[in-house]
Amino acid sequence: MLGAIPYPTFRETTMPHNLPIAHIMQTGLLTCSPATPLRTAAARMAERRCSSMLVVEDDRVVGIWTEHDSLRVDFADPGSLTRPIATVMNPSLVTLSPDTPIGEAAVRFKNDDHHHVLVVDAADKPLGIVSRTDVVLRQGIEPYLKLRDVNAAMRPVAQVVAHDASLTETAETMRRQGSDAVIVRCGAALGILTERDLVRFIAHHPGATPVGELASQPLLTVRRDDVLIHARDLLIDHHVRHLAVLDEAGDVVGLLGFEDMLAGAEQLYLDDLREALEQRDHALAQSRKHLQLAERVIDSSLEGIIITDARTRIEFVNPAFTHMTGYTLEEAVGRTPAMLSSGRHDADFYRQMWEALQTRGFWRGEIWNRRKSGQLYLELLTITAMRDEQGEITNFAALFNDITHLRENEERVRRLAYYDALTQLPNRRLLEDRLALAIRHAHRQGQPLAVVFIDLDHFKQVNDSLGHALGDELLVQVARRLAAELREDDSLARLGGDEFIALLPEVRSPAEAARVARRLIDTISSPFTLGGRQFRIGCSVGISLYPTDGDDAETLVHHADAAMYRAKQEGRNTYRLYRADMHAQDSQRLTLETALRNTAETGDGLVVHYQPLFDRDSGQIRGAEALLRWQHPTLGMISPGDFIPLAESSGLILPLGEQLIDAIMGQLRAWHQAGLDPVPVAINLSPRQFWQSGLAEWIGRRLAHHGLPASLVGFELTESCLLDQSQAAAAILGAVTGLASELGLTVVAEGVETAEQLERLRPYQIDLIQGFLMGRPSPAATFADTWLAPRRMTADDASER
């Protein structure tokens, strides 16, 4: 039994994609029973120009048969046209609720490859039906259609069949190609055969009928460069579904329908569809995903997180909170953050915090809190007030980081910048700041102050003999002793190496500063114990006074340094007050050092004198000692007593020593080449030269360079190389000479200037004598004329000639 509801007139208006499909559904539904013959149902659909037929049984929709299904009809078999519709219907019917957005319906059509969906109410009662065409006509794609041409949307290859092809063959072609229409060439004209036509032919035409007799003519056409909006208007105005597309030559190159236009416009309404999907099917999934993501972020966050209610009762804490505070979630929930209070902040601190939360909605700052263990820690805390739509606070969210170690590191960096890492005393930078401040204070109060420069004596020997580790320990002990002798208001700093400075504010007189210096010297002179060994060192101290010796930090330190240098020159382990004449001496010393540095680089002005060495018993010459002299072009002849200590303290003794050794070896070679018989020459080595690495190898290379035997060059070491204090007692002289005799060593007595001195040496086992009594130092030419004999000719010499 067939039933029908009046079919509404076609509406061309477009609607937003988020409107429900109830606005576009067709309420005039065609229905039939499952036993209805296919021919009868098709005739009904053709009469009503309807694209679908619902199959209903017991007031329940059990299937649907559509124009698209007509492609599966076997027109060659007359019996297939009389089958019950139940045997060819599609039982898989897609249903949607009437409030489904149009955009979502379009996605369902595309994804499910259906051509119709049934709109049902909550009780699954049919309300209407929506086809693909209904959706296409209401997608709001006019902007796209106005901007694009037909070529962008048409099907590139259109199916064209001859006019004498049978209906059966044509239906098979459409089914095989998956096409809803086919172009029929009817002589010079074109016609079209669609799915809707096939429904009409089921009732009235056999399968052998030529399609030329059945095709709709004439076929409306557009050119490929026409605007799509023009093609859309043709379809609507003529109530057709397809247009043939012609090229410039008038040949058919494609087919264009509503669905083709929709396919090209998908990008334009993609955002609307995404919004619809978020509001419907994916809304819950997205919410769940975001919630899970937020939970993972919170759980894995390195920041502690607290969520409280409006009354600051804790509702949630994350694992980082537990790690930093020691309180678990179960222990914290229901309590207030006051459980972490350290007691270090007063009520005013918390009052200002809550005022900021109420007025600005957040507070950020540093706060001391206490862990469950009782340990204090510093945290950087941010609190945010969370409000509802009415502006009322519903929750507080707090995020915090433990910055205790950060502050400790900052303090460590600050100490590295202003304090000596070894002794923990202020360094030069902090000393300069304190000294500048003390000078300003002394100027305002009209009070003097003293700067005390302290330099350890012979610290290098301690470092070289005991190692740097014990040397560092010695500096630490020295710092402790010095600090113990100073007042609370005094400052002690380490400049570097073995140099210290003490700042003494409010010193009433130079005598008071001298007493402090004496105490510092005495405490350093006391024995030190390092590595199980006990030994002594000393220190030299220089003192400058404000304002008599300077009125700025740099000048006072410089003058105290000059006074300390004078103390070293005048015996060490003592102190000196700065005097005005020291400035001139210091300037002279700087000039001399500059000149010496230039000479050390070039060797210009260096002169070697030679003092003979004699056998004590026979009086015969046995050798000579090389003595360095310096003849400067403007400063004149400079005493070794002036420039040798300067070379030692400035480090220039090494390049000067190399110049000296090279000059002596060159002179020995020159004497030999002049036919003289050279005597061995002894060269004095300073402690710094003696202890430098690679000395023996370097000397060997220079001997080879000059072609000299090693027997012509000797080296003298003063006892200061091994002991840094003079030993002049007769007992030591006897012990040394006796030991040398036992070891087969040659002993030289230097500085013999009188016959009395020579006589006093006779009891001792001394081999060689040197001094003014026997011969004075002289230049190389004078020494050769006086002491060197002509060399005996050898066979090698004769052969060379």
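Located above this text is the structure these notes cover.
Residues numbered from 1 in each chain as written. Predicted model: local features only at pLDDT ≥ 70, side-chain atom pairs only at ≥ 80, totals over all residues. Heavy atoms only, no water.

Regarding the packing of helix α16 (residues 459-466) against helix α17 (residues 468-484)
In a packed pair of helices, the relevant descriptors are the angle between the two axes and the axis-to-axis distance.
Here's step 1: The N-to-C vectors of α16 and α17 enclose an angle of 140 degrees; their axes lie 6 Å apart at closest approach. By the angle class used here, α16 and α17 are oblique. Here Phe459, Val462, Asn463 and Leu466 of α16 lie close against α17, whose contacting residues are His468, Leu470, Gly471, Leu474 and Leu475.
Here's step 2: Counted by class, the contact of α16 with α17 contains six nonpolar, three polar and no charged residues. (Axes fitted to C-alpha atoms, helices over the stretch in contact; angles between N-to-C directions. Helix = DSSP H or I, 4+ residues; strand = E, 2+ residues; numbered from the N terminus. Parallel < 35°, antiparallel > 145°, perpendicular 65-115°, else oblique. Contact = heavy atoms within 4.5 Å. Nonpolar A, V, L, I, M, F, W, Y, C, P; charged D, E, K, R; others polar.)

A closer look at the environment of valine 55
Here's step 1: With respect to the helices and strands, the residue valine 55 is situated in strand β3 (residues 52-57).
Here's step 2: On a C-alpha basis, the gap between valine 55 and leucine 30 in space is 8.7 Å, while along the polypeptide they are 25 residues apart.

Focus on the packing of aromatic side chains
Here's step 1: Within the structure shown, the criterion is met by six aromatic pairs.
Here's step 2: When the centroid spacing of 6.1 Å and the interplanar angle of 80 degrees are considered together, the rings of phenylalanine 321 and phenylalanine 400 count as edge-to-face. With a gap of 79 residues between them, phenylalanine 321 in helix α11 (residues 319-325) and phenylalanine 400 in strand β18 (residues 393-402) connect regions that are remote in the sequence.
Here's step 3: On the numbers, 5.3 Å between centres and 90 degrees between planes, the contact of phenylalanine 349 with tyrosine 350 is edge-to-face.
Here's step 4: Taking the relative accessible area as the measure of exposure, phenylalanine 349 reaches 21% and is therefore partly exposed.
Here's step 5: Residue class for tyrosine 350 comes out partly exposed when judged on its relative accessible area of 24%.
Here's step 6: If you follow arginine 344 out to its NZ or CZ, it ends over the ring of tryptophan 368, 4.4 Å from the centre.
Here's step 7: The ring of phenylalanine 362 has arginine 360 sitting right over it, with the charged end atom 5.3 Å from the ring centre. (Phe/Tyr/Trp six-rings, centres within 6.5 Å; stacked < 30°, edge-to-face > 60°. Buried < 20%, exposed > 50% of the residue type's maximum accessible area, 1.4 Å probe, protein only. Lys NZ or Arg CZ within 6 Å of the ring centre and 35° of its normal.)

Side note on the sheet that holds strand β6 (residues 116-120)
Here's step 1: Spatially, three strands are ordered β5-β6-β7 in an open sheet, and the strand pairing comes out mixed. A strand with exactly one partner marks an edge of an open sheet, and here the two such strands are β5 (95-96) and β7 (126-131).
Here's step 2: Pairing geometry for β5 and β6, over two bridges, is parallel. Opposite leucine 96, over in β6, you have valine 119 as the bridge partner. (Pairing = 2+ DSSP bridges.)

Focus: the sheet that holds strand β13 (residues 252-257)
Here's step 1: The strand order across the open sheet formed by three strands is β11-β12-β13, and the pairing between neighbours is mixed. Strand pairing shows two members of the sheet lacking a second neighbour, β11 (221-223) and β13, which therefore form its edges. Taking each pair of neighbouring strands and ignoring which way they run, the sheet shows an average axis angle of 35 degrees.
Here's step 2: Relative to β13, strand β12 (residues 242-246) is paired through five bridges, and the arrangement is antiparallel. Bridging from a neighbouring strand, alanine 244 pairs with leucine 255 of β13.

Considerations on the pairing of strand β4 (residues 60-66)
Here's step 1: With five of its seven residues buried, β4 lies for the most part within the structure.
Here's step 2: Note: β3 against β4, six bridges, orientation antiparallel. Within β4, the position partnered with valine 56 by the bridge is valine 61.
Here's step 3: Linking β3 back to β4 in an antiparallel pair, the connection comprises two residues, with aspartate 58 at a positive phi of about 55 degrees.

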